[in-house]
Amino acid sequence: MVSPPPALGGVPLPWAEADGDLPRRFSSRDALETELRRRFPEASGGLSPIRGGRLAAEQRLAAVQPARYGRSRNFLDGAVTRLSPYIRHGVLSLAEVRDVVFQTLRAGGGREAGEKLINELGWRDFWQRLWRRLGDAIWDDQEPLKTGHSPASYAAELPAAIATAGTGLACIDAFAGELVQTGWLHNHARMWLAAYVVHWRRVRWQAGARWFLQHLLDGDPASNNLSWQWVASSFSHKPYVFNRANLERYSGGRLCHGCDAAASGSCPFDASYEALQQQLFASATAEPVRSSWNGRPRRRTNPASARHP
Amino acid sequence: MHQPVLWIHGEALGPANPALQAHPGRPAVFVFDEALIRQQAISLKRLAFLYECLLELPVAIRQGDVAEQVLAFAREHRADGVITSAAVDPRFETIRSAIARDLPVEVQEPKPFVPLPFEGQGAPDLRRFSRYWRQAEPLVWQSY
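Residues numbered from 1 in each chain as written. Chains lettered and ligands numbered in written order. Predicted model: local features only at pLDDT ≥ 70, side-chain atom pairs only at ≥ 80, totals over all residues. Heavy atoms only, no water.

Enquirer: Sorry, what's going on with the overall build of chain A here?
Expert: Looking only at helices and strands, chain A features 14 helices and zero strands. In chain A, the order of α-helices and β-strands from amino to carboxyl end is α-α-α-α-α-α-α-α-α-α-α-α-α-α. Expressed as a percentage of the 309 residues in chain A, the buried residues total 53%. Here the contacts in chain A between residues at least 6 apart in sequence split such that 70% fall between residues at least 24 apart. Summed over its atoms, the accessible surface of chain A is roughly 14200 Å², and 51% of this surface lies on carbon and sulfur atoms. (Helix = DSSP H or I, 4+ residues; strand = E, 2+ residues; numbered from the N terminus. Buried < 20%, exposed > 50% of the residue type's maximum accessible area, 1.4 Å probe, protein only. Contact = heavy atoms within 4.5 Å. Areas by Shrake-Rupley, 256 points an atom, 1.4 Å probe, with all protein chains shown as cover.)

The following block contains the structure:
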């Protein structure tokens, strides 16, 4: 029987190790952290609870539930796969994940149950192809902003209160804290956080994108920058925003409980999309906002028919 | 190449790495790119995540200037070339060409998610995801 290597033992090398090699054996995860601190003194923070490696990746892959993913992925507690850090670093290839998902679907559920998940793998491939084509131009606006504001009116740097989870907004501070502590965020939380940075604080998307790349275990300029551009509206037809009702729905309301801003009536997200549009964008030129983050246009409620939904 | 070494980079830290697949047992090296880590202020948890991935691969781990370290590793193993896998990050090409000034570099393509070329005739329309997916989706599902 083949047993997995000890958690931090390292597989043996079939050639002699050299003086210049970094160690491949650690007594514990703490020992790895100590070694990394010594070798990379400028790198901030501690370890993530999320472990690297093929074994961890295979465990996650075996736990993927395509149908539940399709139904619940927009919710913070939904059945998301958390495969992104492993896919980003090629621990799992997109082709491998696709094949395992197909096997799962053949065993039960069928094609329809997996269409959303395969579509999301497609997004990853799409971003990678764009990066390959754009190169470092992935840091430039792909199109003019549709917010009605000039690019010069956006701040170049991320406000310190955001980076240190000190805005006083429970949702935003929770997302910032999770990003810095764990290096992973649910995609919906990424979109909310990005919209807050770009539209409410009027900060250039590049500042937010750089901050995410410092921390995200799955960070690469492809998915990251182009998603920031999608929120900002330099890679979409309209800016993305959200409101409190949307956040409460997909977070189960838990973030708003105990939020001082929510209690005191100063929550900046507690408004209709029409009001946010007026407040955040120069209305003469701006397109209507986008409030669905997965590419589908939001169905607008006609006031006349709202009584008969 | 009769006696190559393998250069493993951060886009291919798994068994699907085509260089590892084609040359099992050959000396392989990963280099933590110090300039990049400093420039982008990469946090420790990202480095640790990579490190844990590397411990499960047959690969020597180094830090410093990537091209210099790969070439030093190649000299230690009296290699006549370097084999690696294709990467999307534009920094890869800079490093590859720096290595190629001293030793031949062979770049292998990993298995694609969808059999569509990256450029030229038949490459998908990337202006919006919907256009790309209209071309890609039927091809992806072909193997279902």
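Enquirer: Before we go on, may I ask you to explain the pattern of salt bridges in this structure?
Expert: Oppositely charged side chains can form a pair if their charged atoms are brought close together. Residue and element names in this part refer to chain A. For the coordinates displayed, the defined rule picks out 27 salt bridges over all chains. With its nearest N and O atoms 3.2 Å apart, the salt bridge here joins Glu 248 to Arg 244. With Glu 248 and Arg 244 both in helix H12 (residues 244–251) and four residues apart, this pair spans about one turn of that helix. Owing to a relative accessible area of 17%, Arg 244 belongs among the buried residues under this scheme. Arg 244 is the salt-bridge partner of Asp 270, the closest N and O atoms lying 3.3 Å from each other. (Salt bridge = Lys/Arg side-chain N within 4 Å of Asp/Glu carboxyl O.)

Enquirer: Which parts of the structure should I look at to understand the side chain of Gln 206 of chain A?
Expert: All names here are of chain A. Inspection of the secondary structure assignment puts Gln 206 in helix H10 (residues 205–215). For Gln 206, a relative accessible area of 8% translates into the label buried. Among all residues touching Gln 206, those that are not within four sequence positions of it are Trp 139 and Asp 141.

Enquirer: Explanation requested: the packing of aromatic side chains in the structure shown.
Expert: Note on aromatic pairs: each is described by the distance of the centres and the angle between the planes. Counted according to the given criterion, the structure contains 31 aromatic pairs over all chains. A ring pair is formed by Trp 192 of chain A and Phe 242 of chain A, whose centres lie 6.1 Å apart and whose planes are at 50 degrees; its orientation type is tilted. Taken together, the positions of Trp 192 of chain A in helix H9 (residues 187–200) and Phe 242 of chain A in the loop between helix H11 (221–232) and H12 put the pair 50 residues apart, joining distant regions of the chain. Judged by relative accessible area, which is 0%, Trp 192 of chain A ranks as buried. Measuring from centroid to centroid gives 4.7 Å for Phe 242 of chain A and Phe 269 of chain A, while their planes differ by 40 degrees, and the two rings are tilted. Pair noted here: Phe 242 of chain A is in the loop between H11 and H12 and Phe 269 of chain A is in the loop between helix H13 (260–264) and helix H14 (273–280), with a separation of 27 residues, a long-range link. Residues Phe 242 of chain A and Phe 269 of chain A agree in their burial class; the two are buried. Of the aromatic side chains, those joined through ring pairs into one cluster are Trp 123, Phe 126, Trp 127 and Phe 235 of chain A together with Phe 129, Tyr 132 and Trp 133 of chain B. (Phe/Tyr/Trp six-rings, centres within 6.5 Å; stacked < 30°, edge-to-face > 60°.)

Enquirer: Can you walk me through the nonpolar core in this structure?
Expert: Nonpolar side chains in soluble globular proteins tend to end up buried together. Within the largest apolar cluster, 95 residues are counted, with the highest numbers of intra-cluster contacts made by Phe 126 of chain A together with Leu 13, Phe 32, Tyr 51, Ile 99 and Tyr 132 of chain B. Beyond its immediate stretch of four places on either side in the chain, Leu 13 of chain B contacts His 89, Gly 90 and Val 91 of chain A together with Ile 8, Phe 30, Leu 50, Cys 53, Leu 54 and Leu 57 of chain B. (Core = buried A, V, L, I, M, F, W, Y, C linked by side-chain atoms within 4.5 Å.)

Enquirer: How should the environment of Leu 103 of chain B be read in this particular structure?
Expert: Residue and element names in this part refer to chain B. Relative to the helices and strands, Leu 103 resides in the loop between helix H5 (90–100) and strand E5 (105–108). On the accessibility criterion, Leu 103 (16% relative accessible area) is buried. Measuring from C-alpha to C-alpha, the distance between Leu 103 and Pro 124 comes to 34 Å, with 21 residues separating the pair along the chain.

Enquirer: Would you mind showing me how to read the interface of chain B and chain A here?
Expert: Interface size, as often reported, equals the accessible area lost upon joining of the parts. Counting from both sides, the interface comprises 66 residues of chain B and, opposite them, 83 residues of chain A. For chain B, the biggest contributors to the area lost against chain A are Leu 44, Lys 45 and Phe 113 of chain B; these three give 12% of the whole. If you look at where chain B meets chain A, you find five salt bridges. Measuring nitrogen to oxygen at the nearest pair gives 2.7 Å for the salt bridge that ties Arg 29 of chain A to Glu 52 of chain B. The element that contributes the greatest number of residues to the side of chain B that touches chain A is helix H3 (residues 44–55) of chain B, accounting for 12 residues. A per-class count over the side of chain B that touches chain A returns 42 nonpolar, eight polar and 16 charged. (Buried area = accessible area lost by both parts, 1.4 Å probe. Nonpolar A, V, L, I, M, F, W, Y, C, P; charged D, E, K, R; others polar.)

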